[in-house]
Every structure is written in structure tokens, then in C-alpha cells.
Amino acid sequence: MPKRPTDHPADTASARNSSPASKPVLPPSPDTPTPLLGNLTPSQFMRRYWQKKPLLIRQAIPKVEAPLSRDEFFDLADKDEVEARLITHFRNKWQLEHGPFAADELPSVTQRAWTLLVQGVDLYDDRARALLDRFRFVPDARLDDLMISYATDGGGVGPHFDSYDVFLLQVKGKRRWRIGAQKDLTLQPGLPLKVLQHFEAEEEWLLEPGDMLYLPPHIAHDGVAEGECMTCSIGFRAPSASELTAQFLYHLAERGESAVQPNVLYRDPQQPAVDRPAELPAALIERVGAILADVKWNEQDIASFLGSYLSEPKPSVVFDPPQRPLNEARFISQASKSGVRLDRKTSLLYNRRFFFVNGEETVFAGGKKWLFDLADRRSMSAKRFVTLSYDSSVTALLHEWYRAGWIQVGELV
Ligand code: SIN
Ligand code: CO
């Protein structure tokens, strides 16, 4: 039941800064069969299942470990900046509360039928980020976040559907999933959460640690914990047409330039005197229509909008710049020994013409290949850094990012 829209939580301070950064597990390449997808290649998975039909994958990640222990997870749910939700189903009544939750505000772990969900765990924990990175065979522009749910026996969020694709990875204990492709998606009225009025399960599986269920949007599902359990949900973003339109027009207007004529003011030299002052003048409507019809854009504007918009950090993300930053010379010498990596909160996207880092569009410095590789791998080896360090435009840019807390010295090891 994750809330996937844009109103995500994010952190203002690093909840946990696992160091050194977790070992990267590279996403499988498109044509290599992988246990993660039940020995399909990512290309086969995308063709056959993505946005089309559910897939159950036994032992997608054998010996998987929960990124956070139960206590670490409860600590995270107590942070102000984190979006945590508590859903209880006591005496047959659904209730929802929003965090933060101090440990003593949560029901006892011996009590049945409650669940705690934390959105965007990848922003706070490198192990969660590394888990999310395994799914980068789907473009970053679509990948949203990693949510973790903890539930006691019988706990769940009720039968519901989501509007987004999701991989539900069991990381601790067992959960029974029932799913159905029903057409009737009517919700029970008057509840604080989305629970289907009539749920008809067509298939049912008990998932154990390492097992994973992929669901495309709008498949009804219900996951109920059997004993204490934890589930990671890897979610995707799909902005609605109305959100994209509103944001794109805002982007165009903000940029001014040639897309809109920023200095055209409304004029009405022909306006006659009126005896119905409250009425909108027809000429005004016509004139504004003409101004709007003049708004122009091209593919470059769309790419520039999408790159900036999709790489924009979630509202409460604040980076943690180094407290005593190295000067550029020392940064270069350090990075030449240990490489650099993107901070787990950094979003770096590119296309042929531009690149976008954390919502900012930037011109390429010193060629493009290094930047493409850093964005795709989220890490740059010391050796690669040394080769690039002869180009001061590259080192100056990377030093600036380091000072902003967008990258860190030290590769993913
Ligand atoms: C989901 O149904 O999408 C996830 C719910 C959970 O992890 O409990
Ligand atoms: Co769901």
C-alpha cells in the first residue's frame, strides 16, 4: 500500500551513515539471466512482465539480510524527517497513525496485527540503497524508493491495489500474499487507508526470506505476516499527466527565454466602459488565449524539464557536506588514492546534451564519458580519477560536489 506519489519523506540529517559504503551489487546487465528475476534476463522480464503481469520469484536474493535490524528500524521511525506510518488492525478495526514514533509509542512486538512502514529508507542507509541499486535495470528516472515494513503476526495493510509497479522482497520471517486481477477496485468507505471492499484472491503464496513478488499497477493484493516479518518494497514513480503538465509549464515560465514571452503585458486600449464590472471581458479571454497559443517548446525543453524535475531531491532531503572539507589539492590527492562515489541521496541523470545533478542542469565538463559512467555506476575508481585529474574543469566540478555533500571520497568497496 505504499504511498508512491511525490510527497515522500526524506531526511534532514543522516540517520545512519554506514561507512564504508556498502559493497555495490551491480544490477544485472540486460541480457544476463539472473536469479533476481527467476533466471530471466532483465530484457525478458521487461518484455514479458513489466507493467503487464505478476511474477513470483523464489529465492530472488538467496540469504538476503534485512538492511536494518528491528531495533534500527524502530529508531529510524522515530526521526522527525522520516515518513513512518503505523497501521493496526485490532478488533477488526483499521487504524492509521503517522510518525515519528518513539519506541514506547509502538504497540508491543508481542501484540498481533500491527505493521510499521517507513518510506524512502534508501535515503538513510547505504545497505538499503545498495538493495535498491539491484533494480537499476529499470531507468533511474522510474525508480522511486525502498520502503520497509515490519509486521507482527497477522499484520498487514489490508487488501488493496497500488497505482505503481512494485517488487515485494521478503527479507525476514514469512508473509502470505494473495493476489487477484479483479476489475472491481471499489474501496471501503470511511477508512483512513485504502482497503478494497470486495477482495477476490486468485493466487496465494507464502513468501520466505529471499522470495520476491513483482506486481504491476492495479493488481489487488493482500500480504499478511505469519509470525514477525519484514518486507522491502521497491517502488517506482510514474507522474500523472496533470502533474507533468503543471510542472512543465512552471519550468517553462520560470526559465522565460523563448518559450514564453515574459515581457508581454496584457493591454486593452479598446476596452469600453462597462455596467457589469464583475463580468470577465470576452476580449481578455481571447487575448490570454493568444498569449498561451504562443507558448512554444521543443524536445530540448522537455529533456531539460524532465532531467531537472526527476533528479530533484525529495522535499526534505538535506545533504551533509563535510564539516572540515579538504581543499581542492587535498581532495584530488585523496580521490586519486580512493576514488569517489555518489552520496546515497544524490540523483545524477543525463542525456546526450545535458546532465542533471540533484535538480540542477549543468554543462558537460571535460567530455561526457566519465560523467555517464559515474552516473551509471554511482562510483568512480581511483584509477579513473587519476586519468581525469589532468582536466581541471573535471576536478573543480567534482570538488564542488564534494563540498556540497553530493559525492564522497572513497569508491563503493
Ligand atoms: C504493499 O502491499 O505494497 C506493501 C505492504 C507491506 O509491506 O506490508
Ligand atoms: Co501494495
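Our structure's up above, just so we're on the same page.
Criteria and cut-off values
Residues numbered from 1 in each chain as written. Chains lettered and ligands numbered in written order. Predicted model: local features only at pLDDT ≥ 70, side-chain atom pairs only at ≥ 80, totals over all residues. Heavy atoms only, no water. Helix = DSSP H or I, 4+ residues; strand = E, 2+ residues; numbered from the N terminus. Buried < 20%, exposed > 50% of the residue type's maximum accessible area, 1.4 Å probe, protein only. Contact = heavy atoms within 4.5 Å. Pairing = 2+ DSSP bridges. Salt bridge = Lys/Arg side-chain N within 4 Å of Asp/Glu carboxyl O.

## Quick word on the environment of Cys 229
Here is step 1 of the chain: Along the chain, Cys 229 turns up in strand β9 (residues 220-236).
Here is step 2 of the chain: The buried category is assigned to Cys 229, whose relative accessible area is 2%.
Here is step 3 of the chain: Each C-alpha atom, one on Cys 229 and one on Arg 175, is 6.9 Å from the other, the two residues being 54 residues apart in sequence.
Here is step 4 of the chain: With residues near it in sequence (within four places) discarded, Cys 229 still touches Ser 149, Tyr 150, Ala 151, Gln 170, Lys 172, Gly 173, Lys 174 and Arg 175.

## Comments concerning the pairing of strand β2 (residues 84-90)
Here is step 1 of the chain: Buried residues dominate β2, accounting for five of its seven residues.
Here is step 2 of the chain: When β2 meets strand β4 (residues 114-118), the two strands line up antiparallel, connected through five bridges. Each residue of the ladder has a partner; that of Ala 84, found in β4, is Val 118.
Here is step 3 of the chain: Both β2 and strand β3 (residues 93-98) contribute to a ladder of six bridges, which runs antiparallel. For His 89, the partnering residue across the bridge sits in β3 and is Trp 94.
Here is step 4 of the chain: In textbook terms, the turn of a hairpin is the stretch between consecutive antiparallel strands, and for β2 and β3 this stretch comprises two residues, one of which, Arg 91, has a positive phi near 45 degrees.

## Quick word on the pattern of salt bridges
Here is step 1 of the chain: A complete count under the given rule lists 17 salt bridges for this structure.
Here is step 2 of the chain: Ionic pairing is found between Arg 112 and Asp 153, a salt bridge with its closest N-O pair at 3.1 Å. Note that Arg 112 is positioned in the loop between β3 and β4 and Asp 153 in the loop between β5 (143-151) and β6 (166-180), a separation of 41 residues in sequence.
Here is step 3 of the chain: Residue classification places Arg 112 among the partly exposed residues on the basis of a relative accessible area of 49%.
Here is step 4 of the chain: The salt bridge involving Asp 320 is made with Lys 345; its shortest N-O contact spans 3.2 Å. On the criterion of sequence distance, the pair formed by Asp 320 in the loop between α6 (299-311) and α7 (328-338) and Lys 345 in the loop between β10 (340-342) and β11 (348-350) is long-range, its members being 25 residues apart.
Here is step 5 of the chain: Residue classification places Lys 345 among the buried residues on the basis of a relative accessible area of 5%.
Here is step 6 of the chain: Residues joined in a network through salt bridges with shared partners are Glu 72, Asp 125 and Arg 127.

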